[in-house]
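Below, each chain spelled out in residue letters.
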Amino acid sequence: MDRPETNKKNTSRLEDSIAVLLGKVKRDTALNRNQKRAILHRAFQLVPVPPEDSLSLSHLNDISYQSYIIQDSGLFFKSSGKAMALAKKLRDIQKQADVHWNYGAFYLTDNNLDSSYYHYQKAKQLFDRGGNRFFAARMQYNMAYILGRLRDYTGAEVFLFQAIETLEPLKKHKQLYQCYNLLGVVYEELEEYQKSINYHKEALKHLQHLKHKFPFLQDSYNNIGLIYQKQGDHQTAITFFNKALDTKNLKKNDLFLYARLLDNRAFSKFKNNETRNLPHEFFESLYIRDNMGTIPGVIMSHFHLAGFYAKAKDTAMALDHALTSYKLAQNIQNNRDILQALELLATLDPQNKDHYLQDYIALDKSVSLKERKTRNKFTRIQYETDRYIDRNKQLSSEMNWIMAGGLVCLLFIFLLFNIHRQKSKNKVLKLEYDQQQANEKIYHLTLQEQEKLQQGRNQERIRISEDLHDSILSDLFALRMGWAYLELEGKPEEIQKHRSNLQELQGIEKKIRELSHDLKNNMIEYPMDFVSIVEGLLQKRSRLGKFRYTFVHDGNISWERIDNLIKVHLYHIIEEGMQNCIKHAQASNFALKFISKEEQLILEMADDGIGIKTRRSLGIGLKNIKSRVKKMNGTYDLESQPGQGTKITISIPLTIYRP
């Protein structure tokens, strides 16, 4: 049997071996992924079984993090599982938080956002318990990043301001730069461009305190350039893109960022009617992105090229790039790019326009519903976690078994109720989704019915015109001619009356001929009775929401000349407005108006409900309305006071008319 001194020496050599292997993986840049993987597996095998001390925990945590970096999922879960078990055994709160941090990063890379959010939240709670406010703030940034990707910008904004409040006194300039930069991105998505620019400039102030500014500085210039690009100020956008592209060795040090900047600058040059080096810069960016396998970047390059060739009147090339963008977006299931491509294809391919618009509407509905469900899920995670923490505090303060048993029973009942409530919610959401799909199909079927009805009327007009001209008119003409050649005798006044009747008969022939021509030549267009469809929607939703409605529309509006896509957007805006009235407003009356004024089509929606408390309480529905108005080049105004109802005014230029 070995002496204790010998065992200690062997353990020390073992720990030194693990540390050497991990150090080699961290510092040796010449190692490829497979070599690092083999070294990490070797280090994992050297960890004592079972691991029992804090040093083994540190090694397991390092192995977990390095396996996440090289994306070895098998080793990651093995090492993370052992690290978590040992951290709980040792009651090491900080290490438990580190393991959750690793899990969050791994799931984020794997695009499993709900699992990533859950682990970042657990890490934050543990860092808070351990008093590590800096790392807790970093977890808030990570959670804000995930919420931003899910378009829950209000939740992201809250986490970022909380993180900034912690980081400012600590003077953590790198993390403050990241927070302000993400705030700039959030406000860009909310289309509050001046706020977005201000936060990006604040981020640049903190960047001045960092020794190594690459690639943060270039990324900020790109973000600011994109904001000016969205505002239509392409000359300023080009200035910021040039600042980033002028970075020494940019192409060598960060080829991905170089391709992105090149494509963005080329797009602003194209929009600014600058043709120098176009479309060469578009194709150079596309070539780099394609070689690097960055599919989202390839999609954007093809989309920009489609716009370029569309403006150059090369429809074939524009359509080819648009279709490529659409197919690639479908392959990676990038819904936002799919919607963007469908909208462009509907413009470029008139023959298949209706098909693309139907796909666009269906996907837009599906994406909105999915995002709503995901946001609800994240809210539920936050809610349930907070409830769990409160319950643990209560259990720790109450140590007798009777109270503990009662709390367990209450928890069990709560879980059953929550399961039942969730099933009910899922059923309601499914019914709502099916109803929305049915409404959309009814809308298109109604339009088709209107067209077929009018087409039948026109065919009947043609038939009547032909019968009048070919049958009745011919018979009258033959009768008149036969009558005219009769040799009649009688009194002069009777002869004169005979001739007068012949002239009257000739006049009747002329009127019938003109009527026949009018019936055949003046065909009635096939209007899509949008007003009737809106009236039907108002009737259905008012019954569902148990409120009264008024509908006023200007008879001078030529709905048949307005593009179908515009009418689809208007229909969904009205639908969303009434949905908010039903769900939130608690209104008794709803008013809808269509007004034509000074070359503008004005839509007004108003209710007498409870109003909106704060601008931060605006939901995804109102944001969707704002997004649709932007797509129609319109303006949007919201008036609401608590207890005084809500009024939405939308103005759209009448240049949306079809020629």
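Each chain carries its own residue numbering, running from 1 in the written order of its sequence. In keeping with the model being predicted, local features are shown solely for residues with a pLDDT of at least 70 and side-chain atom pairs are shown and tallied solely at 80 or more, while totals for entire chains, interfaces and linings include all residues. No hydrogens and no water enter the side-chain calculation; it runs on all heavy atoms of the structure.

Caption draft 1: Fine view of the sheet that holds strand β5 (residues 646–653). We treat two strands as partners when DSSP finds at least two bridges between them. In this text, helices come from DSSP runs of H or I with a minimum length of four residues, and strands from runs of E with a minimum of two, each type numbered from the N-terminal end. Taken together, the five strands give an open sheet; going across it, the order is β1-β2-β3-β5-β4, and neighbouring strands pair in mixed fashion. Every interior strand has two partners, whereas the edge strands, β1 (548–553) and β4 (635–640), have only one. Adjacent strand axes in the sheet meet at a mean angle of 10°, parallel and antiparallel pairs treated alike. Alignment of strand β3 (residues 600–607) against β5, held across eight bridges, turns out to be antiparallel. Paired with Glu604 across the bridge in β5 is Thr649. Where helices are involved, their axes are fitted lines through C-alpha atoms of the stretch in contact, as for all axes, and angles between N-to-C directions lie from 0 to 180°.

Caption draft 2: Examining a nonpolar patch on the surface more closely. A cluster of nonpolar side chains, contributed by Leu410, Phe412, Ile413, Leu416 and Ile419, occupies part of the molecular surface with about 520 Å² of accessible area. Summary of the burial criterion: residues with accessible area below 20% of their type's maximum are buried, those above 50% are exposed, and those between are partly exposed, where the area comes from a 1.4 Å probe applied to protein chains only. Judged by relative accessible area, Phe412 falls into the exposed class, the value being 53%. Patch rule: a residue counts if its relative accessible area is over 30% and it has no salt bridge; like charges are joined within 9 Å, and nonpolar side chains (Val, Leu, Ile, Met, Phe, Trp, Tyr) within 5 Å. In these tables, accessible area is a Shrake-Rupley quantity obtained with a 1.4 Å probe, and a residue counts as shielded only by the protein chains included in the view. For this document, the term salt bridge refers to a Lys or Arg side-chain nitrogen within 4 Å of an Asp or Glu carboxyl oxygen.

Caption draft 3: A look at the nonpolar core. Ranked by size, the top nonpolar core spans 86 residues in total, and within it Tyr120 and Leu160 carry the most contacts. Of the residues forming this core, the biggest block, nine residues, is contributed by helix α7 (residues 133–149). Residue contacts follow a heavy-atom distance rule, with two residues in contact if any of their heavy atoms lie within 4.5 Å. Not counting residues up to four positions away in its chain, the partners in contact with Leu160 are Tyr141, Ala144, Cys179, Leu182, Leu183 and Val186. The term nonpolar core refers to a set of buried residues drawn from Ala, Val, Leu, Ile, Met, Phe, Trp, Tyr and Cys, joined through side-chain atoms within 4.5 Å. Core analysis: the second largest hydrophobic core is formed by 36 residues, Val534, Phe547, Ile562 and Leu570 among them.

Caption draft 4: Main features of the environment of Met300. Inspection of the secondary structure assignment puts Met300 in helix α16 (residues 295–311). Expressed as a C-alpha distance, the spacing of Met300 and Asp263, which sit 37 residues apart in the sequence, is 8.5 Å. Setting aside its immediate chain neighbours within four residues, Met300 contacts Asp263, Arg289, Asp337 and Gln340.

Caption draft 5: Representation of the side chain of Ser268 within the structure. With respect to the helices, strands and loops of the structure, Ser268 is situated in helix α14 (residues 255–271). The exposure class of Ser268 is buried, given its relative accessible area of 0%. In this structure, Ser268 is in contact with Gln229, His234, Ala237, Ile238 and Phe241, ignoring residues within four places of it in sequence.

Caption draft 6: Examining the packing of aromatic side chains more closely. The pairing test for Phe, Tyr and Trp rings, Trp by its six-membered ring, is centres within 6.5 Å, and the orientation test on the planes gives stacked under 30 degrees, edge-to-face over 60, and tilted for anything in between. The tally for this structure, following the rule as stated, stands at 28 aromatic pairs. Between Trp101 and Phe135 the ring centres are 5.3 Å apart and the planes differ by 65°, which places this aromatic pair in the edge-to-face class. Taken together, the positions of Trp101 in helix α5 (residues 93–109) and Phe135 in helix α7 put the pair 34 residues apart, joining distant regions of the chain. Residue classification places Phe135 among the partly exposed positions, given a relative accessible area of 24%. A connected cluster of aromatic rings, assembled from ring pairs, spans Phe76, Phe77, Tyr103, Phe106 and Tyr107. To sit over a ring, a charge needs its Lys NZ or Arg CZ within 6 Å of the ring centre and within 35 degrees of the ring normal. If you follow Lys172 out to its NZ or CZ, it ends over the ring of Phe134, 4.7 Å from the centre. Residue placement shows Lys243 over the ring face of Phe240; its charged tip is 4.8 Å from the ring centre.

Caption draft 7: Geometry of the pairing of β1. Bridge count for β1 against strand β2 (residues 589–597) is six bridges, and the pairing is parallel. Considered in β2, the bridge of Thr550 is made with Ala591. Here, the term right-handed applies to a crossover whose path from the first strand over the helix to the second runs clockwise when the strands point away from the viewer. Once you follow β1 into helix α23 (residues 564–585) and on to β2, the crossover reads as left-handed.

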